[in-house]
Amino acid sequence: MSFFLLAFPALFSIVNPLVGAFIFLGATEHFGVKLRNELAKWIAIYSFAIVTASMYVGAYVLTFFGISISVLRAAGGIVIAAAAWRMLNAPDDEAPKSGDDVVADLPATHTVRRMAFYPLTMPITTGPGTISVAVSLGTNRPRATEALLSFVAESMLAIVLICALVYVLYRYSAPLSRLIGPTGTVIVTRVSAFLLFCIGVQVFWNGAAELLTSLR
């Protein structure tokens, strides 16, 4: 389960479903419970599709455009760390933001599925930062058949658990907000921001170390 222990914390830190639940609640506060639950379901489905595609196909897309994995890791680490730094230094009265922190209004004319995809899934829940991490994790895919099967099983388990957390936390975001309260929300946001910043620095260092090694 070594890859699962690597993939799940990395994806959890950048997707940050707990903080994202409060963003989801703020964007859908005027919607009914039934519509909010439907949106949560489709956000989880779209998140699964985006993360899975990024992990298994993203590396080939990078090859097509001539982007190295080292550059992707370094750039992705900078993006993640910058987003975390903004979260860490945001005023307490500002709405919490996740690693992919673009909040947009939802036009009333959109259908449920369209609203769920943009902006609630992309870029709020699984935006550029999540895609960068997923692609970087996908580059660790082994070539041996037995090891490849283990990689697929562990990676799918990590993705399914992340999407399940997204669905549950988004669906019950209103009760969660009342339970934690304003002070608890600020604490969760700050701790998540610090962990996310550490993840970003680690991802950047992995890419930078590879680039420095290649120069030698």
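In this report, the structure presented in the accompanying data block is examined. (Residues numbered from 1 in each chain as written. Predicted model: local features only at pLDDT ≥ 70, side-chain atom pairs only at ≥ 80, totals over all residues. Heavy atoms only, no water.)

### Side note on the packing of aromatic side chains
(1) Moving on: Across all of its chains, the model carries nine aromatic pairs by this definition.
(2) Moving on: Aromatic pair Phe3 and Phe151: ring centres 4.6 Å apart, planes at 50 degrees, arrangement tilted. With a gap of 148 residues between them, Phe3 in helix α1 (residues 2–15) and Phe151 in helix α7 (residues 145–171) connect regions that are remote in the sequence.
(3) Moving on: With relative accessibility at 9%, the residue Phe3 sits in the buried group.
(4) Moving on: Ring centres 6.1 Å apart and planes at 25 degrees place the aromatic pair Phe8 and Phe12 in the stacked group. Taken together, the positions of Phe8 and Phe12, both in helix α1 and four residues apart, correspond to about one turn of that helix.
(5) Moving on: By the ring-pair criterion, three or more aromatic residues cluster together here, those being Phe3, Tyr56 and Phe151. (Phe/Tyr/Trp six-rings, centres within 6.5 Å; stacked < 30°, edge-to-face > 60°. Helix = DSSP H or I, 4+ residues; strand = E, 2+ residues; numbered from the N terminus. Buried < 20%, exposed > 50% of the residue type's maximum accessible area, 1.4 Å probe, protein only.)

### Considering the layout of surface pockets
(1) Moving on: Looking at the second largest pocket, its volume works out to about 240 Å³.
(2) Moving on: What lines the second largest pocket is Leu6, Ala10, Arg73, Val133, Ser136, Leu137, Asn140, Ile199, Gln202, Val203 and Asn206.
(3) Moving on: The element best represented in the lining of the second largest pocket is helix α8 (residues 173–215), accounting for four residues.
(4) Moving on: Considering only residue class, the lining of the second largest pocket consists of six nonpolar, four polar and one charged. (1 Å grid on protein atoms, 1.4 Å probe; cavity = no way out; pocket = protein on both sides within 12 Å on 5 of 7 lines; lining within 4 Å. Points joined across faces, edges and corners; volume = space filled by probe spheres on them. Nonpolar A, V, L, I, M, F, W, Y, C, P; charged D, E, K, R; others polar.)

### Looking at the packing of helix α3 (residues 33–65) against helix α5 (residues 112–125)
(1) Moving on: The interhelical angle for the contact between α3 and α5, taken along N-to-C directions, is 55 degrees, at an axis separation of 8 Å. Judged on the interaxial angle alone, α5 and α3 are oblique. Considering only the axes of α3 and α5, their crossing is right-handed. Counting all contacts with α3, which are made through Leu35, Glu38, Leu39, Trp42, Ile43, Tyr46, Ser47 and Ile50, the residues of α5 involved are Val112, Arg113, Met115, Ala116, Phe117, Leu120, Thr121, Met122 and Thr125. (Axes fitted to C-alpha atoms, helices over the stretch in contact; angles between N-to-C directions. Parallel < 35°, antiparallel > 145°, perpendicular 65-115°, else oblique. Left-handed = near helix turned anticlockwise from the far one by under 90°. Contact = heavy atoms within 4.5 Å.)

Functional significance is not addressed by these values, which are geometric in nature.
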